[in-house]
Amino acid sequence: MLRYLAQAWAVARKDLLLEARSRERFVSMATFAMLVAVVFSFALDPTVRAQEIAGAMLWVTVLFAGTLGLGRSFALEREADALTGVLVSPVPRGALFLGKFLANLLVVLAVEAVIFPVYALFFGLRFAGALGGLALVVVLATVGFMALGTLLSAMTAHTRHGESLLPILLLPLMIPVVIFAASATQLLLAGRPLAEIGGNLRVLLAFDLVFVFVCTSIFGFAVEE
């Protein structure tokens, strides 16, 4: 097990080092998210209080920005045709998936750390008193998002229209996660106690467990096909 986790961390570390040097995905996702916030700020009807729909706006932005980054998750392997070499290495397929998943998760969490303050600035949102609950919702929702997104990104990496096919496959499957995450976020921003979103958190955790287990199990078959 320790060797398995070490192999997964080696894959994640490689991706994180490459991202730290280029910042390609982080910059593109953060820029896209800020542009979406600007569009929302101009498009929102002045009679509608932003605080009443902030949860939905935040998670729609996270969903599209994260999908943009996932499209580049296997870019290096695709461009250099390096995925074949990785697959014939002694690294277990599950460890390879967990490494890519962990790297994607940390990059998107970093982007979300930018998105939430930007929305707080643009729409006057107040996170005081709800930071713990928001952090829990963000982590739980993002884990499921990245597990499913990493698998689909690998599946579409070697297709002719991979970057356009990825959102078509991913977005419909993410609707339940976005619904529960947005609902929980909205309740927390409205000042409701953490106990009121217990059901949402349990559903998000269930999605995480299913997505991580299933995606890890079938990753090898998916990339080989």
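Residues numbered from 1 in each chain as written. Predicted model: local features only at pLDDT ≥ 70, side-chain atom pairs only at ≥ 80, totals over all residues. Heavy atoms only, no water.

Visitor: Even after reading the chapter, I still don't get the nonpolar core, so can you show me in this structure?
Guide: Soluble globular proteins tend to pack their nonpolar side chains together in the buried interior. Ranked by internal contacts, the top residues of the largest apolar core, which has 63 residues, are Trp59, Tyr119, Leu125, Val137, Phe145, Leu170 and Phe219. Residue assignment for this core shows that the elements contributing at least two residues are α2 (24-43), α3 (50-70), α6 (93-123), α7 (131-156), α8 (162-189) and α9 (198-224). If we skip the residues at most four places from it in the chain, phenylalanine 219 touches Phe74, Arg93, Leu96, Phe97, Leu151 and Ala154. (Core = buried A, V, L, I, M, F, W, Y, C linked by side-chain atoms within 4.5 Å. Buried < 20%, exposed > 50% of the residue type's maximum accessible area, 1.4 Å probe, protein only. Helix = DSSP H or I, 4+ residues; strand = E, 2+ residues; numbered from the N terminus. Contact = heavy atoms within 4.5 Å.)

Visitor: Mind showing me how you'd approach the packing of aromatic side chains here?
Guide: Using the criterion set out here, one finds 6 aromatic pairs in the structure. Ring centres of phenylalanine 97 and phenylalanine 219 lie 5.5 Å apart, and the angle between their planes is 50°; this geometry places the pair in the tilted category. In this pair, phenylalanine 97 sits in helix α6 while phenylalanine 219 sits in helix α9, placing the two residues 122 residues apart along the sequence. On the basis of relative accessible area, phenylalanine 219 is assigned to the buried category, the value being 0%. Ring-pair connections join several aromatic residues into one group, and the members of that group are Phe97, Phe101 and Phe219. (Phe/Tyr/Trp six-rings, centres within 6.5 Å; stacked < 30°, edge-to-face > 60°.)

Visitor: Looking at this model, I keep getting lost on empty space enclosed by the protein. Mind explaining?
Guide: The probe, sized like a water molecule, is rolled over the atoms to show the empty space still left. Considering all chains together, one arrives at 2 cavities of 30 Å³ or more under this definition. When its volume is computed, the second largest cavity comes out at roughly 40 Å³. Along its surface, the second largest cavity is lined by Trp59, Val62, Leu63, Ala141, Phe145, Met174, Val177, Val178 and Ala181. Among the secondary structure elements, those contributing two or more residues to the lining of the second largest cavity are α3, α7 and α8. Among the residues making up the lining of the second largest cavity, the classes are represented as 9 nonpolar, no polar and no charged. (1 Å grid on protein atoms, 1.4 Å probe; cavity = no way out; pocket = protein on both sides within 12 Å on 5 of 7 lines; lining within 4 Å. Points joined across faces, edges and corners; volume = space filled by probe spheres on them. Nonpolar A, V, L, I, M, F, W, Y, C, P; charged D, E, K, R; others polar.)

Visitor: Is there a simple way to explain the pattern of salt bridges in this structure?
Guide: All chains considered together, the criterion is met by 6 salt bridges. For arginine 25, the salt bridge goes to glutamate 19, with nearest N and O atoms at 3.8 Å. Each member of the pair, arginine 25 as well as glutamate 19, carries the same accessibility label: buried. With a shortest N-O distance of 2.8 Å, glutamate 196 and arginine 192 are connected by a salt bridge. Judged by relative accessible area, which is 37%, glutamate 196 ranks as partly exposed. Through salt bridges with shared partners, a single network forms among Lys14, Asp15 and Lys100. (Salt bridge = Lys/Arg side-chain N within 4 Å of Asp/Glu carboxyl O.)

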